[in-house]
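Summary of structural features
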Amino acid sequence: MAASPASVESVIRPLGSCLIKLGFEVYPLKVGWYNSVLPPSLHLPYPDDTLAVVVLSTPAMFEQAFLPFLEQRGIQKPCDPVDQCVRDCVSTAVSQ
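Residues numbered from 1 in each chain as written. Predicted model: local features only at pLDDT ≥ 70, side-chain atom pairs only at ≥ 80, totals over all residues. Heavy atoms only, no water.

Before going further, it helps to examine the overall build of the chain. The helix and strand inventory of the chain stands at four helices and two strands. Expressed as a percentage of the 96 residues in the chain, the buried residues total 22%. Across the chain, contacts joining residues at least 24 apart in sequence account for 57% of those joining residues at least 6 apart. Taken as a whole, the chain presents about 6700 Å² of accessible surface, with 61% of it coming from carbon and sulfur. In the chain, which carries 6 positive and 9 negative side-chain charges, the distance between the mean positions of the two groups comes to 5 Å. (Helix = DSSP H or I, 4+ residues; strand = E, 2+ residues; numbered from the N terminus. Buried < 20%, exposed > 50% of the residue type's maximum accessible area, 1.4 Å probe, protein only. Contact = heavy atoms within 4.5 Å. Areas by Shrake-Rupley, 256 points an atom, 1.4 Å probe, with all protein chains shown as cover. Lys, Arg positive; Asp, Glu negative; His and termini not counted. Charge placed at Lys NZ, Arg CZ, Asp CG, Glu CD.)

Structurally, the position occupied by N35 is in helix α2 (residues 31–36). With residues near it in sequence (within four places) discarded, N35 still touches H43, L44 and Y46.

At a closest axis distance of 10 Å, the pairing of helix α3 (residues 61–73) and helix α4 (residues 81–95) adopts a crossing angle of 100°. One way to sum up the angle between α3 and α4 is to call them roughly perpendicular. Between α3 and α4, the residues in contact are M61, A65, F66, F69, L70 and R73 and P81, V82, Q84, C85, V86, D88 and C89, respectively. (Axes fitted to C-alpha atoms, helices over the stretch in contact; angles between N-to-C directions. Parallel < 35°, antiparallel > 145°, perpendicular 65-115°, else oblique.)

Turning our attention to the packing of helix α1 (residues 5–20) against α4. When two helices pack together, you describe them by how their axes are tilted relative to each other and by the distance separating the axes. It is the contact of α1 with α4, at a shortest axis distance of 9 Å, that shows an interaxial angle of 140°. As judged from the angle between their axes, α1 and α4 are oblique. Our pair here, α1 against α4, has a crossing hand that is right-handed. Residues L15, C18 and L19 of α1 lie in contact with α4, whose contacting residues are C89, V90, A93 and V94. For the contact of α1 with α4, the residue count by class is seven nonpolar, no polar and no charged. (Left-handed = near helix turned anticlockwise from the far one by under 90°. Nonpolar A, V, L, I, M, F, W, Y, C, P; charged D, E, K, R; others polar.)

All right, on to the pattern of salt bridges then. A full pass over the atoms with the stated rule returns three salt bridges. Across the pair R13 and E9 runs a salt bridge whose closest N-O atoms are separated by 3.1 Å. Of this pair, R13 and E9 both sit in helix α1, four residues apart, roughly one helical turn. Accessibility expressed as a relative area gives 56% for R13, which makes it exposed. The partly exposed category is assigned to E9, whose relative accessible area is 37%. (Salt bridge = Lys/Arg side-chain N within 4 Å of Asp/Glu carboxyl O.)

The next subject is the nonpolar core. Counting residues in hydrophobic clusters, the biggest one holds 14 residues, and the most contacted among them are L19, F24, A65, C85 and C89. Only α1, β1 (24–30), α3 and α4 provide two or more residues apiece to this core. Here this core takes five residues from α1, the largest share from any one element. Among residues more than four places away in sequence, those in contact with F24 are L19, V55, L56, S57, T58, M61, A65, V86 and C89. (Core = buried A, V, L, I, M, F, W, Y, C linked by side-chain atoms within 4.5 Å.)

By themselves, these figures tell us nothing about what the structure is for.
Right, here's the structure in full:
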């Protein structure tokens, strides 16, 4: 069963409102759309009508999310600080 536009908005709007102020953009897509352009080894194991979300960073993310992340966390020699920052921002937005 396909999601209604209202149910898609009920996911995208709160997620986007948390992430946009951190320099991210949020867009909905169906898993089937994603899987249709990739080789089978990269397919997501969900039904084609499953709602997925693409989170993209904008240039503003560096100052709005990344620098504050480094300052707050005081990470010493992080393995992948950008990945850690994005993971933290998205996880926080999802939990809210």
